[in-house]
Structure formats: structure tokens, C-alpha cells
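Given next are the chains, with one letter for each unit.
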Amino acid sequence: VMNDIISTMFNKKFMEELFKPQDLYSKKALRTVYDRLAHASIMRLNQASMDKLYDLMTMAFKYQVLLCPRPRDILLVTFNHLDAIKDFISDSPGILNQVDETFRRLIETYNCLSDGEFQLIRQTLLIFFQDMHIRVSIFLKDKVQNSNGRFVLPISGPVPWGTEVPGLIRIFNHKGVEVKRAEFATAGNYVTPQREGSFELYGDRVLKLGTNMYSVTRPVETHRSGSSKNLASQAKENIAPNPLAKEELNFLARLLGGLDIQKPSGETGFRLNLFTTDEEEEHAAQTRPEELSYKVINIEATQEPARRAELSRILGELDVAEPRPGSAEKGEDLLALMDGL
């Protein structure tokens, strides 16, 4: 299952689409791609488990971006992700080569960016996630998240690489010569980092954000927080017409066209349940607010012959074989938004 998912995620055509310069796409487009990737193997999740997995993923990533000591460290977080993925597929040279190729493209594309450009990337990502305040038990227990779903910024620990521990004020004259110093007490206990993390293919990243947060076994739960007003605003986002909808769907069509998924033959698959029991999963699905449900995205291709031919090819790649009689289980047909294309 891990090999199938990782192989699909780092598919060459898929990566080529991701690395093309483009505007940030919508939450619906992200969710659609995520659903497609999660179901790239024989594993299937029903809607409640899929929602829980997606909520956990988005909040974990938001936490990592928010707590980066400096904007450039977003790249170190990404490298930590890829290092962990490489451990999963260490015995599959072909897939490992796919990940290494993506690693090299990341280094080539982003290592040369300025600190200002990384700050712009970080702010863009945080704006994307700013209205998402889902409580996750692992963060609540570690006291890095409040009961309202907002993260707690630390006031102690290592300062960003290249900066000094706060507590000293230097005063300079008009010639740039230091003429006076003053010290002040800080509320936190800051230390200077020992070294900078490695931005190469191999090396010590130093930064722990993006590494395994399950080092201690414990249940992980996600809880929607916020008032009915917040839920209403999220519902409005789901149904409000987006002026960039056409461009987003065109991008989504190209992106999904790059997912070359090999459907397993002769395997009935299995269902992954992220809840303790089936009953708990069914209850979560029934109690989820209707306005938060993800709708089917229809891609129309009736305007231009060239675009119609291209999308016809993409839709052909997305065809899903009908389940064999007697083999269907709860959750097997859950990627409805893709099957409905």
C-alpha cells in the first residue's frame, strides 16, 4: 500500500505539473487531489475516516509552517518529510529514485530563493490555512494547541539560525559606530542553535518539525471547533462562486491527468478505519455538518476542441472498473467525486 501511494505521489508527470509556476489553488482542489492519492492503492476509506485523515494532515502541516523558526526552514520541514518517505521505501530502488529526483528538483528550485521569497511562500501558506482551527488530541496533550484549535507559539528554545539571543540593545551613532549598550530581561529562555540544518540531499536537518510525531503511541482525534457562525462561513466558502473556478478546474484536470495509477487486478482491497469501531465511524459520518461535506467537482470541456480532446484523454485515465458482484464492501466506492467525473 505504501509503495503504491508513494509511487503515485511522486509520479513524474504529477511532479512536472506541481513544479510549474502557478497560483495557489483552492481547498476543494487540494482535497480532490488528496482523495485521489489516498486511494491510489487497494486501500479504501469511507467519508468519515477520509475527513479525519485530511483534517489531521492539514493541521499537522499548518503547525509545522507556523512554528518554523525562519521562513527558509520550510524547506527543511519538506526535507524531513522526504527523508521519512525514503525510509518507507528503502527496499524499492525504483520508487526511491522517484523520490530522489523530486528531492533534487526541490533543491534546484528553492535553494536559490531569497529570504524574502521564502517569507512570501510562508505567508501564502498561512493565509490558506488561517480559518482552519481543528483540534487534534496529540497537539492538545502536548499543549501546543489551545482548546479553541489555535496553536501556541513557544517563547523559549533555540532562536532562528543567524540571529542572536534577545536581551541586548545596541545604539549606534550616525557614522555606524556603536556608542552604547543596554540589556533587558526576556520572558523566555532562549539559546543559540548549535548549527544550521543541511539543505542537501543527505544530512542532518537539525530542525525536528516534520519528523514523526507518533514517537509515543497514543490515539489521535480531530474535533471541529468554533461557533455556528464559523461553520456558516465555511459553508459559504463551499458554495460561493469562485471567480477563478474555471482556472482552478483546468489546473485540477491537468494535475489529475498526471496521476498514472495502475489499478491492481485480482485484489478486492481493504478498508482503513481511523476510528476505534465501525459504529464510531458511522456516527461521525452522520453527525458531520452537511455544509462541511465535500461536493463532486464536475469538469466541463465543451468550449474548445483541443481542450475537449485533452480532457477526454484525462477522463479516460480516471475510469474506474465496476466492482465485481459480491466483492463490494462499505467504503469501496467512496471516491465519488472522482468516479462522478
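See the structure shown above.
Worth saying up front: this structure is predicted, and the values here are computed from it rather than measured.

## Quick word on the packing of aromatic side chains
Counted according to the given criterion, the structure contains 7 aromatic pairs. Ring geometry for Phe 79 versus Phe 103: centroids 4.8 Å apart, planes at 35°, classification tilted. A residue pair is termed long-range when its members are at least 10 positions apart, and Phe 79 in helix H5 (residues 73–88) and Phe 103 in helix H6 (residues 93–110) qualify at 24 residues. One exposure class covers both Phe 79 and Phe 103, and it is buried. Pairwise contacts between aromatic rings join Phe 61, Phe 128 and Phe 129 into one cluster. One Lys or Arg, Arg 105, reaches over the ring of Phe 19 and ends 4.6 Å from the middle of that ring.

## What to know about the packing of helix H1 (residues 2–9) against H6
Look at H1 against H6: their axes get within 9 Å of each other, and the N-to-C directions meet at 35°. Seen from above, H1 lies across H6 with left-handed handedness. The segment H1 lies against H6, with Asn 3, Ile 6 and Ser 7 engaging Ile 95, Gln 98 and Val 99. Residue composition of the contact of H1 with H6, grouped by class: 3 nonpolar, 3 polar and no charged.

## What about H5?
Under the 1.5 Å per step criterion, the end-to-end length of H5 is 23 Å for 16 residues, consistent within 8% with the ideal 22 Å. Where the residues of H5 are buried, they touch H1, helix H4 (47–66), H6 and helix H7 (115–129).

## Overview of the nonpolar core
Phe 79 and Phe 139 are the most contacted members of the largest nonpolar core, which totals 54 residues. With residues near it in sequence (within four places) discarded, Phe 79 still touches Phe 103, Leu 106, Ile 107, Ser 198, Phe 199 and Arg 205.

## Side note on the side chain of Thr 58
Its place among the elements puts Thr 58 in helix H4. Of note is the side chain of Thr 58, whose polar atom sits 3.0 Å from the backbone oxygen of Asp 55. Residue contacts for Thr 58: discarding those within four places in its chain leaves Phe 129 and Met 132.

## Quick word on the environment of Leu 67
Tracing the backbone through its elements, the reader meets Leu 67 in the loop between H4 and H5. In this structure, the C-alpha to C-alpha distance between Leu 67 and Val 152, residues 85 residues apart in sequence, is 8.9 Å. With near-sequence residues (within four places) excluded, Leu 67 lies in contact with Val 152, Leu 153, Pro 154 and Leu 209.

## A closer look at unusual backbone geometry
Its identity as a non-glycine residue notwithstanding, Lys 143 has a phi of 60°, on the positive side. Locating Lys 143 in the fold gives a position in the loop between helix H8 (137–141) and strand E3 (157–158). Unlike most non-glycine residues, Val 206 shows phi in positive territory, near 65°. Tracing the backbone shows Val 206 in the loop between strand E6 (190–191) and strand E7 (222–224). Judged by relative accessible area, Val 206 falls into the partly exposed class, the value being 30%.

## Quick look at the pairing of strand E4 (residues 168–172)
The sheet contact formed by E4 and strand E5 (residues 178–183) spans 5 bridges and is antiparallel. Bridge pairing in E5 links Ile 171 to Lys 180. The hairpin turn running from E4 into E5, its antiparallel successor, is 5 residues long, and Gly 176 in that turn takes a positive phi close to 85°.

Reading guide: rules and limits
Residues numbered from 1 in each chain as written. Predicted model: local features only at pLDDT ≥ 70, side-chain atom pairs only at ≥ 80, totals over all residues. Heavy atoms only, no water. Phe/Tyr/Trp six-rings, centres within 6.5 Å; stacked < 30°, edge-to-face > 60°. Helix = DSSP H or I, 4+ residues; strand = E, 2+ residues; numbered from the N terminus. Buried < 20%, exposed > 50% of the residue type's maximum accessible area, 1.4 Å probe, protein only. Lys NZ or Arg CZ within 6 Å of the ring centre and 35° of its normal. Axes fitted to C-alpha atoms, helices over the stretch in contact; angles between N-to-C directions. Left-handed = near helix turned anticlockwise from the far one by under 90°. Contact = heavy atoms within 4.5 Å. Nonpolar A, V, L, I, M, F, W, Y, C, P; charged D, E, K, R; others polar. Expected span 1.5 Å × (residues − 1). Core = buried A, V, L, I, M, F, W, Y, C linked by side-chain atoms within 4.5 Å. Polar contact = N/O pair within 3.5 Å; in protein donor to acceptor, adjacent residues only side chain to side chain. Pairing = 2+ DSSP bridges.

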